[in-house]
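Secondary and tertiary structure notes
One letter stands for each residue in the lines below.
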Amino acid sequence: MKYIDEYRDARVVKRIAGEIAQLTTRPWTIMEICGGQTHSILRNGLDQLLPGGIKLVHGPGCPVCVTPVETIDRAIAIASKPGTLLAAFGDMLRVPGSHGDLASARSRGADVRFVFSPLEALQLARENPHKEVVFLAVGFETTAPGNAMAVRQAAREGLGNFSVLVSHFLVPPAMQAILSSPDNRVQGFLGAGHVCTVTGTGMYVPIARTFSTPVVVAGFEPVDLLSAILRLVQMLEKGITGVENAYGRVVASEGNPAALAVIREVFEVADVVWRGIGTIPASGFLLQERFSEWDAVRKFALGSMGNADDGRCRSGEVLAGRITPDSCEAFGRECTPGHPLGAPMVSGEGACAAYFRYRCSSVPSHSR
Amino acid sequence: MDIHCPLPLGNHETVQLAHGAGGRLSDELFSQVFLPLLQNNFLAQKDDQARLPAFTGQLAFTTDSYVVTPLFFPGGDIGSLSVHGTVNDLVVGGAIPRYLSAGFVLEEGFPIVELERVVRSMAGAARECGVEVVTGDTKVVGRGQCDGMFITTSGIGQVRAGVDVSSSNLRPGDRIIVSGTLGDHGIALLAARHGLSFAGPPLVSDSAPLHRLAAAVLDSCCGVHAMRDATRGGLSAVLNELASSSGVGIVLHENTVPVDDAVRGAAELLGIDPLEAANEGKMVVVVPAGDADRVLEAMQACPDGTGRHAALIGEVVNEHSGMVVMETGFGSRRIVEMPLGEQLPRIC
């Protein structure tokens, strides 16, 4: 069995799309939180297979997109100091700060390297004892265990030349912020599948109850997403609320206890700024005090650097699902992946990048 | 009394700055490494230029620089790559490759045995392609000023009579053929550079010369519209350039685009699109619809195996001029964008 191919089977996809069409009697607005899901939907054209009444809007589940400008500016400031090495996931290199990005800092001589894992950054610290290695630790709950492990490992080894610049976000507070907004139109959520492998599904229950909004935890392959949409539409049509798991092969309702334990050991919940949205209470992670030696903000004594964004960037509205990227005046004009005004146009999980890459403004039909 | 004369010794183990200075050490390097390995009458003259025999017909001329790292990678090395890449740029223009030049920039301290390894590989590749490296140059820069070795090769070839291939020749109705699996080189290099290994068959560059494959294509069809070498930017870049140059649209069928399973798996893990990853032994051929099956068969039958996985992947259309559209297996459509540049892997 080729494991992935089962979940990309065109016949299954078409069958499920047909079932959705049959049972949809009213328009519904559904939001997927996770940027990886956004890209899968657009890349596979899944929204084109749904009946016209179902509107998919894209949420703020792209940690690169919501990392504050200040964090980017801090990363650039650190990287530009002699004797430092800044390691980051590849996406972060082209996110615009106030003045340029990490890639342009690298072209001016900063030692900036992309890595695939925080453990690679730890290894860089071991191999470069005379350099201060800083890892830009970005993510939602999904990457938090890995980043926590890297800090814990550094502490155990007494690795004095390693620190992390933390930019971690939590999904449920973002959902609450969206649902609490007076002009909210979201009626159901596709839950972020990989976040839930860590956290489990219980965190959605209070949200579903309080706002009477059903949540179906979804995966990323076409069959996964459509199956979850089918279940969600069934719930909406019947007026059922609650949380269900359509990604059972990977997500357990209790999550991953070992991963949660290491998160609790290293991080604490804090109020954090979301780029384009603003401060959301109890919506992110910071390093606990006892790990402050590995906190780059403390180590480099970085003060506040402000959080000014380009005024033309409407990423906040995109991230909250209030507009689609192609409704933004700057989309495809002043703002393109080559010269982005904001993060969603750069990140591999950003909605604006997905629209630009797979749709421009609309996909043309053609005759044979 | 022992007198030790302070003249520089011959038989260096590493490249010295003096090897690039044009004096005795330069001559030694040439005579001991380049000439014996690359071996031809032009180089043996040791002149400032190679004086070539007169050509008839149209000439094709190309140049490329090679800065690949690591220098030796699964499936190839900078030496053979510097021959294949330049030869391939000539053959996709319908030219028979004849002569190459080779300029080397070497880093002080580079091991001579490694240099010999590279040049030996280059010589083998040149022999296989039927070309001679007839002139060259060597410069040496200080330690840390170049990453081991950079090579620039330029190539001259004779264009076959009657062949008129061009990126602006595409016409609606034309069919698009790719010579094999996509993304092999880019993914193999990225994995090698980051020390990533995957269970299953190893990821290997597809670095290969395409002179026989191009000949097979042109022998089977005199009206080939376009041929392109799909290198950096991958298939996506080539198709977008073709669509743009010809002012036509292109439609691809996702299920027909060949990608090796191991490459697909690694690419998904790394967050790279195989259609945007580099190839070093693949070509894209655009032919009139009536010739497509014959050309495809000729490519698949090419004895050196470079076309064994050749496939028909799409067609040229009147609509959406300048744009490449992919039809997914689900019946939906998306755009295949011109890649931006350096590929960025996913974050989570």
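Residues numbered from 1 in each chain as written. Chains lettered and ligands numbered in written order. Predicted model: local features only at pLDDT ≥ 70, side-chain atom pairs only at ≥ 80, totals over all residues.

1. Let's talk about the overall build of chain A
Regarding its fold elements, chain A presents 16 helices and 11 strands. Against the compact-globule benchmark of 21 Å for 368 residues, chain A has a radius of gyration of 21 Å, which places it among compact chains. With the C-alpha coordinates of chain A rotated into their principal frame, the extents come out at 65 × 45 × 45 Å. Sequence-distant contacts in chain A: of pairs separated by 6 or more residues, those separated by 24 or more amount to 78%. (Helix = DSSP H or I, 4+ residues; strand = E, 2+ residues; numbered from the N terminus. Rg over C-alpha atoms; globule rule 2.2 N^0.38 Å. Contact = placed C-beta atoms within 7 Å.)

2. Thoughts on the overall build of chain B
Secondary structure assignment for chain B yields 9 helices and 13 strands. Taking 2.2 N^0.38 as the reference for a compact globule, 348 residues should give roughly 20 Å; the C-alpha atoms of chain B span a radius of gyration of 22 Å, in line with that estimate. The C-alpha extent of chain B, read off along each of the three principal axes, is 90 × 55 × 30 Å. With 348 residues in all, chain B has 52% of them scored as buried. Look at the contacts in chain B between residues 6 or more apart in sequence, and 86% of them connect residues 24 or more apart. (Buried ≥ 20, exposed ≤ 12 C-beta atoms within 10 Å, placed from the backbone.)

3. Focus on the pairing of strand 11 (residues 278-287) of chain A
All names here are of chain A. The sheet contact formed by strand 6 (residues 162-169) and strand 11 spans 2 bridges and is antiparallel. Looking at strand 11, one finds that H168 is bridged to F285. Examined bridge by bridge, strand 10 (residues 267-274) and strand 11 share 7 bridges and lie antiparallel to one another. Looking across to strand 11, one finds that F267 is bridged to L287. (Pairing = 2+ DSSP bridges.)

4. Examining the interface of chain B and chain A
Of the residues lining the interface, 23 residues belong to chain B; the matching set on chain A comes to 37 residues. Of all the elements in the fold, those that place two or more residues in the side of chain B that touches chain A are strand 9 (249-253) and strand 13 (333-335) of chain B. With 3 residues, the single largest contributor to the side of chain B that touches chain A is strand 13 of chain B. Its residues assigned to classes, the side of chain B that touches chain A comprises 11 nonpolar, 7 polar and 5 charged. (Nonpolar A, V, L, I, M, F, W, Y, C, P; charged D, E, K, R; others polar.)

5. Considering the nonpolar core
Judged by nonpolar contacts, the single largest core of 223 residues is most densely connected at A:L86, A:L102, B:I177, B:I187, B:V217, B:I250 and B:V285. Aside from chain neighbours lying at most four places away, what touches B:I187 is B:L203, B:V263, B:A266, B:A267, B:I272, B:P274 and B:A277. (Core = buried A, V, L, I, M, F, W, Y, C linked by C-beta atoms within 7 Å.)

6. Here's the deal with the domain arrangement of chain A
All names here are of chain A. Here chain A is partitioned into domain 1 (3-64 + 175-245), domain 2 (66-170 + 255-299) and domain 3 (326-358). Placing the centre of domain 1 and that of domain 2 at their C-alpha centroids yields a distance of 30 Å. At the interface, 13 residues of domain 1 touch 20 residues of domain 2. For the side of domain 1 that touches domain 2, the secondary-structure elements that each account for two or more residues are strand 2 (54-61), helix 4 (63-66) and helix 10 (193-199). Take the side of domain 1 that touches domain 2: its biggest share by element is 6 residues, from helix 10. (Domains from an automatic or database assignment.)

7. As for helix 5 (residues 184-193) of chain B
Residues and elements named next belong to chain B. Most of helix 5 sits inside the fold, with 9 of its 10 residues counted as buried. Listing the buried residues of helix 5 in full gives D184, H185, G186, I187, A188, L189, L190, A191 and A192. Among the structural elements, strand 2 (72-73), helix 7 (234-246) and helix 8 (261-270) are those in contact with the buried residues of helix 5. Remark: G195 follows helix 5 within two positions and exhibits a positive phi of approximately 65°.

8. Here's the deal with the sheet that holds strand 10 of chain A
All names here are of chain A. The 6 strands lie next to each other as 4-3-5-6-11-10, forming an open sheet whose pairing is mixed. Two strands lie at the open edges of the sheet, namely strand 4 (112-114) and strand 10, each paired on one side alone. Strand-to-strand twist in this sheet, taken as the mean axis angle between neighbours without regard to direction, amounts to 25°. Across the face of the sheet, helix 7 (residues 118-127) comes into contact with strand 3 (84-88), strand 5 (132-139) and strand 6 while running at roughly 175° to strand 5. (Axes fitted to C-alpha atoms, helices over the stretch in contact; angles between N-to-C directions.)

9. Points about the environment of A:P27
All names here are of chain A. Turning to its location among the elements, P27 is positioned in the loop between helix 2 (10-23) and strand 1 (28-34). Accessibility expressed as a C-beta count within 10 Å gives 11 for P27, which makes it exposed. Through-space distance from the C-alpha of P27 to that of V233 is 9.9 Å; in sequence the pair is 206 residues apart. Beyond its immediate stretch of four places on either side in the chain, P27 contacts G53 and K55.

10. Things to note about the packing of helix 2 of chain A against helix 12 (residues 222-238) of chain A
Residue and element names in this part refer to chain A. One way to put it is that helix 2 packs onto helix 12 with a least axis distance of 9 Å and a crossing angle of 15°. Between helix 2 and helix 12, the angle is such that the two are roughly parallel. In terms of crossing hand, the pair formed by helix 2 and helix 12 is left-handed. Contact residues: helix 2 offers V12, V13, I16, A17, E19, I20 and L23, while helix 12 offers P222, V223, L226, S227, I229, L230, V233, Q234 and E237. Across the contact of helix 2 with helix 12, the residue classes break down as 12 nonpolar, 2 polar and 2 charged. (Parallel < 35°, antiparallel > 145°, perpendicular 65-115°, else oblique. Left-handed = near helix turned anticlockwise from the far one by under 90°.)

11. Re the sheet that holds strand 12 (residues 324-327) of chain B
All names here are of chain B. Spatial ordering of the open sheet is given by 8-10-7-11-9-12-13, a layout of 7 strands whose pairing is mixed. In this open sheet, the two strands that pair with only one neighbour each are strand 8 (226-229) and strand 13. Sheet twist, expressed as the average angle between the axes of neighbouring strands with direction ignored, equals 25°.

12. A closer look at the packing of helix 3 (residues 35-43) of chain A against helix 16 (residues 351-358) of chain A
Residue and element names in this part refer to chain A. Packing of helix 3 against helix 16 leaves a shortest axis separation of 9 Å and a crossing angle of 15°. Classified by the interaxial angle, the pair formed by helix 3 and helix 16 is roughly parallel. Viewed along their axes, helix 3 and helix 16 form a crossing whose handedness is right-handed. For the pair helix 3 and helix 16, contact is made by T38, H39, L42 and R43 and by A351, A354, Y355 and Y358, respectively. For the contact of helix 3 with helix 16, a count of residues per class yields 5 nonpolar, 2 polar and 1 charged.

13. Regarding the domain arrangement of chain B
Residue and element names in this part refer to chain B. With domains assigned, chain B is organised as domain 1 (17-46 + 57-159) and domain 2 (175-335). Taking only C-alpha atoms, the centre of domain 1 and the centre of domain 2 are 27 Å apart. Taken together, the contact pairs 20 residues of domain 1 with 23 residues of domain 2. The dominant element in the side of domain 1 that touches domain 2, judged by the number of residues it contributes, is helix 3 (residues 78-91), at 8 residues.

14. Remarks on the environment of A:I78
Residues and elements named next belong to chain A. One can find I78 in helix 5 (residues 69-79). The sequence separation of I78 and F300 amounts to 222 residues, and the corresponding C-alpha distance is 7.4 Å. Not counting chain neighbours up to four residues away, the residues in contact with I78 comprise T84, L86, V134, A296 and F300.

15. With respect to the confidence of the model for chain B
Within chain B, residue pLDDT values average 91, and 95% of them lie at 70 or more. Overall, residues 344-348 of chain B carries pLDDT values under 50, and its contacts beyond four positions in sequence, including any with other chains, amount to 28 contacts. (pLDDT = per-residue confidence, 0-100.)

16. What about helix 7 of chain A?
Residue and element names in this part refer to chain A. Those residues of helix 7 not exposed but buried are P118, A121, L122 and A125. Taken end-on, helix 7 shows its buried residues confined to a sector of 105°, consistent with a single buried face. Considering only its buried residues, helix 7 is in contact with strand 3, strand 5, helix 8 (144-157) and strand 6. (Arc of directions from axis to C-beta.)

17. Structural notes on the pairing of strand 10 (residues 283-287) of chain B
Residue and element names in this part refer to chain B. Summarising burial for strand 10: 5 of the 5 residues are buried, a large majority. Residues of strand 10 alternate between two faces, with M283, V285 and V287 on one and V284 and V286 on the opposite face, all of them buried. As judged from the 4 bridges shared by strand 7 (residues 175-178) and strand 10, these two strands associate in the antiparallel manner. Within strand 10, the position partnered with R175 by the bridge is V287. The sheet contact formed by strand 8 and strand 10 spans 4 bridges and is antiparallel. Within strand 10, the residue paired with D229 across the bridge is M283.

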